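This is what each chain is made of:
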Amino acid sequence: MTRQAEDPGTAPRGIVVVGNGMAGARLVSEIRARDPRVPLTVFGAEARRPYNRVLLSNVLAGAARADQIGLVDPAWYAAGGVDARLGVEVVGVDREARTVHGSDGSAVPYGTLVMATGSSSFVPPIPGTEGGLPAGAVAFRTLDDCEAIIGAAEGARRAVVIGGGLLGVEAARGLAGRGLEVTVAHLAGHLMDRQLDAGAGKVLARTLGRLGIRARLEAVVTGIRAAPGPGGAARVNGVELAAPGGGAEAAEVLDADLVVLACGVRPEVSLARAAGLEVDRGIVVDETLRSVTDPSVRAIGECSQYGGTVYGLVAPAWEQAAVLADLLTGADPLARFTGAREITRLKAAGVDLVAMGETHHGDDDPEVEIIRFADASRGTYKKVAIRGGRVIGGILLGETATAGTLTQLYDRAAPPPADRLSLFFTGVGGARPADSPVRMPDSATVCHCNNVSKGQILACWEKGARTAEDVAASTRASTGCGGCQDTLAGILGWLAEQDRDGPGQARATVSAAPGG
């Protein structure tokens, strides 16, 4: 039986969720999993069903179709009694009347309002874009953007990606996979400078170079050039870069039939700010995800800010969704969000990367122990930062076999092994691989996006799950960034092998594992 919701006003007026992206859609499904009856309305500015934004680069590269990255089947809403208003933007919130107003003229009262408005692309004020982006220039953020880029790539030969962060690198790899000559113009001194140190950034640039992607670093874009195309409309034909030292003349013009802007995102907080909610970089919330301004308003995902931090990855947003669903349905009135550790994963053809925590420490900090290995010719860079006997950050680029071990140590702020090389290489000193299922405790997290442990996967196996799809249907493991697919497949393969040795052998073997 579902217990009474935390807020007595929630039940009669219902819950209204503004935003149907990865955070909002997950919250709706989490609420319905706990309470099938509470009135629930969700507004989505995009007319299409919610989709996995993390996998957009796969669509751009042609490795997945748009219909393969959906999160919720459209029929689910009606079956679950959810009032889904897709393609309807919320244009105003009346906090006094506790009502939201949609772009279709509708007005929906709420007991609890959840802001899950996400982020929007940041397009810097580049000359040549004053009247909007010319044809052939696209800001990369949504599935519509992705499809526009794919359309513009047809017949194009040269592309310039402005921005060399995670999204820019993903876009560049996708376009190179479609046969385009790609240049990444990045303002900082190395690629993915928010997640990587300079050494890793250089190795990444070299790896991309072997894939046909050129990196222009410390590049100041001073203009996007366009010329009249068929029908007279302006179409992009180049990107101007400033001269070194800030000279008046452009040092170089990068020819381009296609320009992708991946200059970062900004939390979408205009609606919250207009409603009078306290906004810093995001909507300021407490550990119950409640707005510090209005107790009937909550916020999750990229538009929210807790403890001074705006979380920009999917795993924290989904963790927030679970906590808030527990609170709003009364499933766990003591649930709290107290922060999350962010782990960045990039897995594309020819590029495999995991980065976490504090990665920018150098050898000059006496309080931080740095272990580093680099082989640029093989595209390999590995680094671990340790402080106070605990792993505080790490990078694995090119060879990520020990990613499971490293992320577990980082997640738990655990002490590293005495043999530091085992953090980089499996089987060091004749030891078995640290990621081997038999050596993983049941509590080890396999899917960080959905917080699924090895023990939960084993429980699914014991209930009859035999494929990755079976486990995903029960736990959602591997449905986020997809970085754990190989680990999940390895565990299932190992369990099948153990069961062939005799019924119950898998459980007996796992129980003997350290920490199991």
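Residues numbered from 1 in each chain as written. Predicted model: local features only at pLDDT ≥ 70, side-chain atom pairs only at ≥ 80, totals over all residues. Heavy atoms only, no water.

Caption draft 1: A look at the overall build of the protein chain. Along its length, the protein chain carries 14 helices and 27 strands. For 516 residues, the compact-globule estimate of 2.2 N^0.38 gives 24 Å, and the protein chain sits close to it at 24 Å. If one aligns the C-alpha atoms of the protein chain with their principal axes, the spans along those axes are about 70 × 65 × 45 Å. Residues counted as buried form 50% of the 516 residues belonging to the protein chain. When the accessible surface of the protein chain is split by element, carbon and sulfur atoms take 50% of a total near 22,000 Å². With 51 positive and 58 negative side-chain charges, the protein chain shows a spacing of 3 Å between the two charge centroids. (Helix = DSSP H or I, 4+ residues; strand = E, 2+ residues; numbered from the N terminus. Rg over C-alpha atoms; globule rule 2.2 N^0.38 Å. Buried < 20%, exposed > 50% of the residue type's maximum accessible area, 1.4 Å probe, protein only. Areas by Shrake-Rupley, 256 points an atom, 1.4 Å probe, with all protein chains shown as cover. Lys, Arg positive; Asp, Glu negative; His and termini not counted. Charge placed at Lys NZ, Arg CZ, Asp CG, Glu CD.)

Caption draft 2: Examining the environment of S119 more closely. Tracing the sequence through the fold places S119 in strand β8 (residues 119-121). Classification of S119 as buried rests on a relative accessible area of 14%. For the pair S119 and P267, spaced 148 residues apart in sequence, the C-alpha to C-alpha distance is 4.1 Å. Here S119 is in contact with R141, V265, R266, P267, E268 and E302, once residues within four sequence places are set aside. (Contact = heavy atoms within 4.5 Å.)

Caption draft 3: Focus on unusual backbone geometry. One non-glycine residue, M192, lies in the positive phi region at around 50°. Using a relative accessible area of 1% as the deciding quantity, one classes M192 as buried. Of note in this structure, A413 is not a glycine but carries a positive phi near 50°. Note that A413 resides in the loop between α10 (403-411) and β26 (445-447).

Caption draft 4: Summary view of the packing of aromatic side chains. Tallied over the full model, the rule gives five aromatic pairs. Residues W76 and Y77 carry aromatic rings whose centres are separated by 5.6 Å and whose planes lie at 70° to one another, so their mutual orientation is edge-to-face. Consider the rings of F373 and F425, whose centres lie 5.2 Å apart with planes at 85°: the pair is edge-to-face. Of this pair, F373 sits in strand β23 (residues 368-375) while F425 sits in the loop between α10 and β26, and the two are 52 residues apart along the sequence. Classification of F373 by relative accessible area gives partly exposed; the value is 31%. For F425, a relative accessible area of 26% puts it in the partly exposed group. Put simply, the rings of Y306, Y311 and F337 touch in pairs and so form one group of aromatic residues. Cation over ring: R266 sits above F122, and NZ or CZ is 4.0 Å from the ring centre. (Phe/Tyr/Trp six-rings, centres within 6.5 Å; stacked < 30°, edge-to-face > 60°. Lys NZ or Arg CZ within 6 Å of the ring centre and 35° of its normal.)

Caption draft 5: Representation of the nonpolar core. If you look at the biggest cluster of nonpolar residues, it comprises 48 residues, and the most contacted ones within it are V17, L27, V100, L113, M115 and I300. Ranked by residues supplied to this core, first place goes to helix α9 (residues 314-329) with seven residues. With sequence-adjacent residues up to four places away left out, L27 is seen in contact with V17, V114, I300, A321, L324 and A325. If you look at the next biggest cluster of nonpolar residues, it comprises 46 residues, including A153, A156, V169 and V182. (Core = buried A, V, L, I, M, F, W, Y, C linked by side-chain atoms within 4.5 Å.)

Caption draft 6: Region of the structure containing the layout of surface pockets. Counted as a void, the second largest pocket has a volume near 850 Å³. Considering the residues around the second largest pocket, the lining is formed by 33 residues, among which N52, L55, S478, T479 and G480 are closest to the centre. Elements represented by at least two residues in the lining of the second largest pocket include exactly α2 (22-34), α3 (56-61), β21 (343-348), α12 (468-475) and α13 (485-500). Looking at the lining of the second largest pocket element by element, the count peaks at four residues for α2. For the lining of the second largest pocket, a count of residues per class yields 15 nonpolar, twelve polar and six charged. (1 Å grid on protein atoms, 1.4 Å probe; cavity = no way out; pocket = protein on both sides within 12 Å on 5 of 7 lines; lining within 4 Å. Points joined across faces, edges and corners; volume = space filled by probe spheres on them. Nonpolar A, V, L, I, M, F, W, Y, C, P; charged D, E, K, R; others polar.)

Caption draft 7: Structural detail: the sheet that holds strand β6 (residues 107-109). Here three strands make up an open sheet; going across it, the order is β4-β5-β6 and the pairing antiparallel. The strands lining the two open edges of the sheet, one partner per strand, are β4 (90-94) and β6. Pairwise comparison of adjacent strand axes, ignoring direction, gives a mean angle of 20° for this sheet. Examined bridge by bridge, β4 and strand β5 (residues 99-102) share four bridges and lie antiparallel to one another. (Pairing = 2+ DSSP bridges. Axes fitted to C-alpha atoms, helices over the stretch in contact; angles between N-to-C directions.)

Caption draft 8: Expanded view of helix α7 (residues 198-210). Taking 1.5 Å of rise per residue, the 13 residues of α7 would be expected to cover 18 Å, and the 19 Å separating its terminal C-alpha atoms lies within 8% of that figure. A200, G201, V203, L204, A205, T207 and L208 are the residues of α7 that are buried. Positive backbone phi, approximately 90°, marks G212, located one or two places after α7. (Expected span 1.5 Å × (residues − 1).)

Caption draft 9: Looking closely at α9. Along its 16 residues, α9 runs 22 Å from first to last C-alpha, staying within 8% of the 22 Å computed at 1.5 Å per residue. A large share of α9 lies buried, amounting to 13 of its 16 residues. Of the residues flanking the end of α9, it is G330, one or two places downstream, whose phi is positive at about 80°.

Caption draft 10: Summary view of the confidence of the model for the protein chain. When pLDDT is averaged across the protein chain, the result is 88; 90% of the residues are at 70 or more. Considering only residues more than four positions removed or in separate chains, one finds that residues 429-435, a stretch of pLDDT under 50, has 15 contacts. Note that pLDDT drops below 50 for residues 508-516; the model gives that stretch 17 contacts with residues more than four away or on any other chain. (pLDDT = per-residue confidence, 0-100.)

Caption draft 11: Up close: the pattern of salt bridges. For the coordinates displayed, the defined rule picks out 20 salt bridges. A salt bridge links R95 to D294; its shortest N-O distance comes to 3.0 Å. A residue pair is termed long-range when its members are at least 10 positions apart, and R95 in the loop between β4 and β5 and D294 in the loop between β18 (283-285) and β19 (297-299) qualify at 199 residues. By relative accessible area, which is 25% here, R95 ends up partly exposed. Taking the shortest distance from any N to any O, the salt bridge between D197 and K383 comes out at 2.8 Å. With D197 in the loop between β11 (181-186) and α7 and K383 in strand β24 (residues 380-387), this residue pair connects regions lying 186 residues apart in the sequence. Take D197: its relative accessible area is 8%, and that puts it in the buried class. Judged by relative accessible area, K383 falls into the buried class, the value being 2%. Salt bridges sharing partners connect three or more residues here, namely R26, E30, R34, D326 and R476. (Salt bridge = Lys/Arg side-chain N within 4 Å of Asp/Glu carboxyl O.)

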